[in-house]
Amino acid sequence: MDTNKSLDTIAKYLENLSKSENERNELYFFISQNLDQFFEKSERMAIDVKNIKDKYPENWKEMVAMTMFSTL
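The text that follows walks through the structure, step by step, so that each part is easy to find. (Residues numbered from 1 in each chain as written. Predicted model: local features only at pLDDT ≥ 70, side-chain atom pairs only at ≥ 80, totals over all residues. Heavy atoms only, no water.)

Overall, the coordinates contain zero aromatic pairs when judged by the stated rule. Cation over ring: K53 sits above W60, and NZ or CZ is 5.5 Å from the ring centre. (Phe/Tyr/Trp six-rings, centres within 6.5 Å; stacked < 30°, edge-to-face > 60°. Lys NZ or Arg CZ within 6 Å of the ring centre and 35° of its normal.)

Before going further, it helps to spend a moment on the pattern of salt bridges. Taken as a whole and judged by the stated rule, the model has two salt bridges. Of the charged contacts, one joins E40 and R44 as a salt bridge, the two residues approaching to 2.7 Å between their closest N and O atoms. Taken together, the residues span about one helical turn, with E40 and R44 both in helix α3 (residues 35-55) at a distance of four residues. For E40, a relative accessible area of 46% puts it in the partly exposed group. Note that D54 and K50 form a salt bridge whose closest N and O atoms lie 2.7 Å from each other. Taken together, the residues span about one helical turn, with D54 and K50 both in helix α3 at a distance of four residues. (Salt bridge = Lys/Arg side-chain N within 4 Å of Asp/Glu carboxyl O. Helix = DSSP H or I, 4+ residues; strand = E, 2+ residues; numbered from the N terminus. Buried < 20%, exposed > 50% of the residue type's maximum accessible area, 1.4 Å probe, protein only.)

Now the structure itself:
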């Protein structure tokens, strides 16, 4: 995924996050400055989800939910 497309996607989601344009711009700037870290987290999370799905094929969604909420 190229960076411009990624930043466009982030901008789209930020519109739903806050009604304040200043806050959206601040969040967008912060995320764009730290984009590599956000993608690293996303990649790691996707790997974790796949591992849980492989280990618990019957109830993997519940296991993912419990794992993700416990790490927040």
